[in-house]
Amino acid sequence: MPTEYKTQVLPADAAGIALAAQYLRQGVPFALPTETVYGIAADAANAGAVRGIFVAKGRPQDNPLIVHIADMGQLSGLVAAVPERAQKLAAAFWPGPLTMVLPRGAGVCDAATAGLDTVGVRMPSHPVVQAVIRAAGGIAFAAPSANLSGRPSPTTAADTLADMDGRLPLILDGGPCTVGVESTVVSLAGERPLLLRPGAVTKEQMERVLGEEVPLSGAILDKLKPGQTARSPGMKYKHYAPKAELTLVKGDLAAFKACLAAQAEQDAGGLWALCFTGEGQGLPVPALEYGAENDPAEQARRLFSALRELDARGARAALVRCPAARGVGLAVYNRLLRAAAFRVVEL
Ligand code: TXA
Ligand code: MG
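Treat the numbers as computed from the prediction; the structure is a model and nothing was measured.

### Topic: the sheet that holds strand 15 (residues 344-346)
One open sheet accounts for 5 strands, arranged 13-12-14-11-15; its pairing is parallel. On the outer flanks of this sheet lie strand 13 (287-289) and strand 15, each paired with one strand and no other. Averaged over all adjacent pairs, the angle separating strand axes in this sheet is 25°, with direction ignored. Note that strand 11 (residues 245-250) and strand 15 share 3 bridges and pair parallel. Within strand 15, the residue paired with Leu 248 across the bridge is Val 344.

Structural data, given as structure tokens:
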């Protein structure tokens with residue numbers, strides 16, 4: 001692991017924001033909170049700075065980054081066109097957890113887009129993001145989630161430090177993220193809109209604003225077959241995964257208990273359950289809860305820290321209660337499918 005830096009974790013107050021803005025101007029990557037997850041930011045126009053992000057994360061170079069802006073004025077230099085659909089979605093959901101993939105403009109370097117002719121742009125609602133961009137004099141930044149590639153995204157400064165210690169000079173601490181899963185990614189670069197990654201802005205909400213269907217990319221629910229290419233390159237990797245081997249269990253609580261009991265009989269060593277609030281007590285193995293069964297926003301907020309907690313407790317494997325794949329729950333289900341490398345048991 002590179003130990004180039006002595007990593008400072010600073011509160012996101014005036015001094016912290018001023019230091020972050022200085023790094024942004026100088027082309028030095030650093031971590032900061034957004035409403036979705038913590039990110040690693042660097043000037044989207046500066047190829048050297050953006051390459052530093054890929055090094056810090058250990059991320060494959062073919063996976064493009066999202067560019068973050070603080071106001072609509074910054075959009076014009078980054079994209080070649082703002083289609084009518086993008087204007088409607090921006091009016092409805094920005095600032096907020098929505099990324100739009102648009103035809104690429106000149107103000108973003110090749111390293112950030114992985115050479116694609118499109119660019120993903122989002123305007124976060126988190127006040128720290130807005131403050132850092134303004135303090136740097138209006139620099140749009142590229143930022144992936146601040147995890148080591150393949151690990152669950154961090155939703156606190158402490159989880160960011162666990163992955164990035166020694167790899168970045170600064171982590172701004174803005175407290176826990178309120179959304180907890182990464183932004184919704186929708187492509188508006190083609191003939192029809194296409195949902196590439198589900199998030200807190202739901203398919204149903206976008207359909208109401210656009211007055212048309214927003215189909216799901218096949219990569220959201222299915223494993224890619226060999227030779228098939230992903231529209232959103234990030235969807236092709238095993239992802240969001242803790243060290244513990246996860247298996248998603250579809251079915252009710254009784255089926256989940258039966259499945260746990262059967263597994264525990266073979267080998268209970270290090271077997272855990274990841275379940276809904278209030279269910280942990282009655283299970284035959286130790287359990288972590290990740291939110292109420294009927295509250296997908298809470299599940300989204302708690303999921304990634306629960307996955308990291310499994311590792312902290314030394315879990316070898318975990319069976320996971322499957323969320324309902326609707327609304328925000330679709331985002332939770334999509335992340336769990338990947339974290340489980342598509343191991344699903346249906347009872
Ligand atoms: O909430 C978020 O979006 C967080 C915070 C930090 O803003 N960022 C984030 O970035 O999740 P990252 O790099 O971990 O995920 C970006 C996703 C990847 O799946 C990537 O393939 C996709 O967006 N993406 C980015 N640009 C794209 C493009 N031009 N076309 C298709 N997919 C794109
Ligand atoms: Mg990520």
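Let us keep going from here.
### Some points on the domain arrangement of the protein
Parsing the protein into structural domains produces domain 1 (8-220) and domain 2 (245-346). The interface of domain 1 with domain 2 comprises 26 residues on the first partner and 16 residues on the second. In total, about 1,600 Å² of surface goes out of reach between domain 1 and domain 2, with carbon and sulfur atoms giving 54% of it. Together, Pro 152, Val 181 and Pro 198 form the three largest contributors to the area buried by domain 1 at its contact with domain 2, with a combined 30%. At the junction of domain 1 with domain 2, the criterion picks out 3 salt bridges. Across the pair Asp 163 and Arg 308 runs a salt bridge, and its minimum N-O distance is 3.0 Å. Counting every contact that joins domain 1 to domain 2 gives 10 residue pairs in polar contact (both at pLDDT 80 or more). Broken down by element, the residue count for the side of domain 1 that touches domain 2 peaks at 3 residues, all from helix 7 (residues 157-164). Residues belonging to the side of domain 1 that touches domain 2 are distributed by class as follows: 12 nonpolar, 8 polar and 6 charged.

### With respect to the packing of aromatic side chains
Counting across every chain of the model gives 1 aromatic pair. Each ring, one from Phe 276 and one from Tyr 290, has its centre 5.4 Å from the other, and the planes form 40°; the classification is tilted. You can see Phe 276 sitting in the loop between strand 12 (271-275) and strand 13 and its partner Tyr 290 sitting in the loop between strand 13 and helix 10 (296-312), a full 14 residues away along the chain. For the pair shown, Phe 276 and Tyr 290 are each scored as buried.

Thresholds applied
- Residues numbered from 1 in each chain as written.
- Chains lettered and ligands numbered in written order.
- Predicted model: local features only at pLDDT ≥ 70, side-chain atom pairs only at ≥ 80, totals over all residues.
- Heavy atoms only, no water.
- Pairing = 2+ DSSP bridges.
- Helix = DSSP H or I, 4+ residues; strand = E, 2+ residues; numbered from the N terminus.
- Axes fitted to C-alpha atoms, helices over the stretch in contact; angles between N-to-C directions.
- Domains from an automatic or database assignment.
- Contact = heavy atoms within 4.5 Å.
- Buried area = accessible area lost by both parts, 1.4 Å probe.
- Salt bridge = Lys/Arg side-chain N within 4 Å of Asp/Glu carboxyl O.
- Polar contact = N/O pair within 3.5 Å; in protein donor to acceptor, adjacent residues only side chain to side chain.
- Nonpolar A, V, L, I, M, F, W, Y, C, P; charged D, E, K, R; others polar.
- Phe/Tyr/Trp six-rings, centres within 6.5 Å; stacked < 30°, edge-to-face > 60°.
- Buried < 20%, exposed > 50% of the residue type's maximum accessible area, 1.4 Å probe, protein only.

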